[in-house]
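A closer look at the structure
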Amino acid sequence: MNGPVSIEVLRQHLIDPEICIRCNTCEETCPVDAITHDDSNYVVKAEICNGCMACVPPCPTGAIDNWRTVLRADAYPVDEQFKWDVLPEQTTMAVAAVDETSNVDASDEASGIEVDTVRGSVVPPWSAAKPYVNLYTHKTPTTATVVGNYRLTDASTDSDIHHIVLDFGTMPFPVLEGQSIGILPPGASGDGRAHHARQYSIASPRDGERAGYNNVSLTVKRVSQQHGDTIDGVCSNYLCDLKKGDVVSVIGPFGGTFLMPNHPDSHLLMICTGTGSAPMRAMTEYRRRRRLKGATGKLMLFFGARTKEELPYFGPLTNLPKDFIDTNLAFSRTPGQPKRYVQDAMRERAVDVAQMLKDDNTHIYVCGLKGMEDGVLQALKEIGERHQLDWEVLWARLKREGRLHLETY
Ligand code: A2P
């Protein structure tokens, strides 16, 4: 007997392995845990993804925004996606099936689900300059020459953090503070595939590490231990060992939301740990260079590290004028001292933090260890509520207005 056949069509969400820089942002953002990864690729589980789009704006490269119309029964399983080097073409069979089934509209846009689970802004500040993204990709990388590589942390500590300056020569590489670049380390992983790019926040302002030069700086921590086992980070070791004159392969720039406001009376509340200081240094330096040109907004910084010796940029930071930036350091492992985190320092400065929270010109930036995100948001909530601010209302507003930017890893 020939009865009516039910053909279910799916607009399958896929991640482009050629563009993805494996930064984990999508997996962290997905409210339903539909995204996962192996050593090669980030992939989307078709049976779980509800097309809510929460992951799309935070993706720094746009690799996340790929869709294929497929028969639900033929959806690409994750095991297949893990093996891809490129996305499959759209097959005509599935599209033909859509045409035949009048009750299915596979071109429906996102489901329209309100995404409350996103904790920070997915839009830039209103006055941010327009960023360039993806000028150079895995297929079309550019090169930069190492013009400086300095250890930032005291030689007495195990924490080996470097300040690395890369010069693009005559190759255009326009960046804004808060953006990142991808470095393609040479060589291949165990399965013979070329290493994928590693993402690093830029630590220099838009007009160059050295003003007027076509160069950027990065803050890179050598990864030699993970979860107690010794694991040498492929790219961090490559970068930290670079010598002046070496040439590196670069893609990017990336990032269109973690950007600084351009209006001169905007205030920056910056909270970071370790190498999360890179974008804060970029923004601070940009404002320092603009200071005499009428930038009047306040800068308040909370910066956490294990000890003073492990804090990158400790010297230059503590030398900045007090009337330019209000710097608060929090050390967690100073011998003989109680453990202190950035959120503890924020609570100690609650009155001033609250004053910033009450000001519509304040923009908040959080960058560093994943673990700090909860603690910092909790501290902001407590400080706000103690000063007659309805945190839930303020939080939603900060997010909507591009005034709360979180980048943790
Ligand atoms: P801890 O002494 O507990 O490791 P790292 O050196 O690993 O990059 O860390 C930078 C700083 O961030 C350290 O002082 C570390 O303290 C601190 N830290 C660790 N977890 C948190 C957290 N949940 N909130 C805030 N700071 C944290």
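These remarks concern the structure in this document.

1. So, the nonpolar core
In terms of nonpolar packing, the biggest core is built from 27 residues, with Leu269, Ile271, Phe302, Ile364 and Leu380 touching the most fellow members. Mapped by element, the contributors of at least two residues to this core are strand 11 (267-273), strand 12 (299-305), helix 7 (342-348), helix 8 (350-357), strand 14 (362-368), helix 9 (372-386) and helix 10 (391-400). Ranked by residue count, the leading element in this core is helix 9, at six residues. When residues no more than four places from it in sequence are discounted, the contact partners of Ile364 are Leu269, Ile271, Leu357, Leu380, Leu398, Arg403, Leu404 and His405. In terms of nonpolar packing, the next biggest core, distinct from the first, is built from 22 residues, Ala144, Ile164, Ile183 and Ile202 among them.

2. Quick look at the pattern of salt bridges
A pair can form between side chains of opposite charge whenever their charged atoms are brought close. Considering all chains together, one arrives at 25 salt bridges under this definition. Here Arg289 ties to Glu285 by a salt bridge, and the two come within 3.2 Å at their closest N and O atoms. Of this pair, Arg289 and Glu285 both sit in helix 5 (residues 277-290), four residues apart, roughly one helical turn. Judged by its relative accessible area of 17%, Glu285 falls in the buried class. Shared partners join several salt bridges into a network, and the residues in it are Glu28, Arg119, Lys370, Glu373 and Asp374.

3. Structural notes on the environment of Ser204
Of note, Ser204 is situated in the loop between strand 8 (198-201) and strand 9 (215-221). The class for Ser204 is buried, based on a relative accessible area of 0%. Sequence spacing of Ser204 and Ser217 is 13 residues, and the spatial spacing of their C-alpha atoms is 5.4 Å.

4. So, the sheet that holds strand 7 (residues 180-184)
Overall, antiparallel pairing links the six strands, which are arranged 8-7-10-5-6-9 in an open sheet. Only two strands of the sheet have a single neighbouring strand rather than two, namely strand 8 and strand 9. Taking the axes of each pair of neighbouring strands and ignoring which way they run, one obtains an average angle of 40° across the sheet. In this sheet, strand 8 lies alongside strand 7 in antiparallel orientation, the contact comprising four bridges.

5. Comments concerning the side chain of His162
Looking at the element boundaries, His162 is found in strand 6 (residues 161-167). Under the relative-accessibility criterion, His162 is labelled buried at 8%. Within the local environment of His162, its side chain forms a polar contact with the side chain of Asp160, the two groups lying 2.9 Å apart.

6. Focus: the packing of aromatic side chains
This structure, assessed with the given rule, holds five aromatic pairs. An angle of 5° between the planes, with centres 4.1 Å apart, marks the rings of Phe168 and Phe173 as stacked. Of the two residues, Phe168 and Phe173, both sit in the buried class. Seen from their ring centres, Trp391 and Trp395 are 5.8 Å apart, and the 20° between their planes marks the pair as stacked. With a gap of four residues between them, Trp391 and Trp395 both fall in helix 10, about one helical turn apart. Of the residues examined, Trp391 reaches a relative accessible area of 2% and is grouped as buried. Every member of this aromatic cluster is reached through a ring pair, and the members are Tyr136, Phe168 and Phe173. A cation over a ring is seen here: Arg11 above Trp67, with NZ or CZ 4.6 Å from the ring centre. Between Arg206 and the ring centre of Tyr286, over which it is positioned, the NZ or CZ distance is 3.9 Å.

7. With respect to a positive patch on the surface
A contiguous patch of positive charge on the surface is contributed by Lys221, Arg306, Arg333 and Lys339. Turning to its location among the elements, Lys339 is positioned in the loop between strand 13 (326-331) and helix 7.

8. With respect to the environment of Trp391
With 10 residues separating them in the primary sequence, Trp391 and Lys381 have C-alpha atoms 5.5 Å apart. Residues contacting Trp391, with those up to four places away along its chain left out, are Leu377, Leu380, Lys381, Glu385 and Leu398.

9. Remarks on the state of the cysteines
Two cysteines, two sulfur atoms, one covalent bond between them: this is a disulfide. What the rule picks out here adds up to zero disulfides. This cysteine, Cys240, is not joined by any disulfide, and Cys235 carries the nearest cysteine sulfur, 9.4 Å off. Given the relative accessible area of 5%, Cys240 is considered buried. Free cysteine: Cys272, not disulfide-bonded; nearest cysteine sulfur from Cys367 at 7.3 Å.

10. A short note on the site of the ligand
Neighbouring the ligand are 13 residues; Ala305, Ser332, Arg333, Lys339 and Tyr341 lie closest to it. Within the side chain of Arg306, a nitrogen or oxygen atom sits 3.1 Å from an oxygen atom of the ligand. Between an oxygen atom of the ligand and a side-chain N or O atom of Lys339, the distance comes to 2.9 Å. Taken by itself the ligand offers 550 Å² of open surface, and the protein chains cover 82% of this.

11. As for the packing of helix 8 against helix 9
Closest axis-to-axis distance for the helix 8/helix 9 pair is 9 Å, and the angle between their directions is 85°. Judged by the inter-axis angle, helix 8 sits roughly perpendicular to helix 9. Two secondary-structure elements touch here, helix 8 through Ala350, Val353, Ala354 and Leu357 and helix 9 through Leu380, Ile383, Gly384 and Arg386. For the contact of helix 8 with helix 9, the residue count by class is six nonpolar, one polar and one charged.

So, how was this worked out
Residues numbered from 1 in each chain as written. Predicted model: local features only at pLDDT ≥ 70, side-chain atom pairs only at ≥ 80, totals over all residues. Heavy atoms only, no water. Core = buried A, V, L, I, M, F, W, Y, C linked by side-chain atoms within 4.5 Å. Buried < 20%, exposed > 50% of the residue type's maximum accessible area, 1.4 Å probe, protein only. Helix = DSSP H or I, 4+ residues; strand = E, 2+ residues; numbered from the N terminus. Contact = heavy atoms within 4.5 Å. Salt bridge = Lys/Arg side-chain N within 4 Å of Asp/Glu carboxyl O. Pairing = 2+ DSSP bridges. Axes fitted to C-alpha atoms, helices over the stretch in contact; angles between N-to-C directions. Polar contact = N/O pair within 3.5 Å; in protein donor to acceptor, adjacent residues only side chain to side chain. Phe/Tyr/Trp six-rings, centres within 6.5 Å; stacked < 30°, edge-to-face > 60°. Lys NZ or Arg CZ within 6 Å of the ring centre and 35° of its normal. Patch = residues over 30% accessible without salt bridge, like charges linked within 9 Å, V, L, I, M, F, W, Y side chains within 5 Å. Areas by Shrake-Rupley, 256 points an atom, 1.4 Å probe, with all protein chains shown as cover. Lys, Arg positive; Asp, Glu negative; His and termini not counted. Charge placed at Lys NZ, Arg CZ, Asp CG, Glu CD. Disulfide = S-S within 2.5 Å. Near = heavy atom within 4 Å. Parallel < 35°, antiparallel > 145°, perpendicular 65-115°, else oblique. Nonpolar A, V, L, I, M, F, W, Y, C, P; charged D, E, K, R; others polar.

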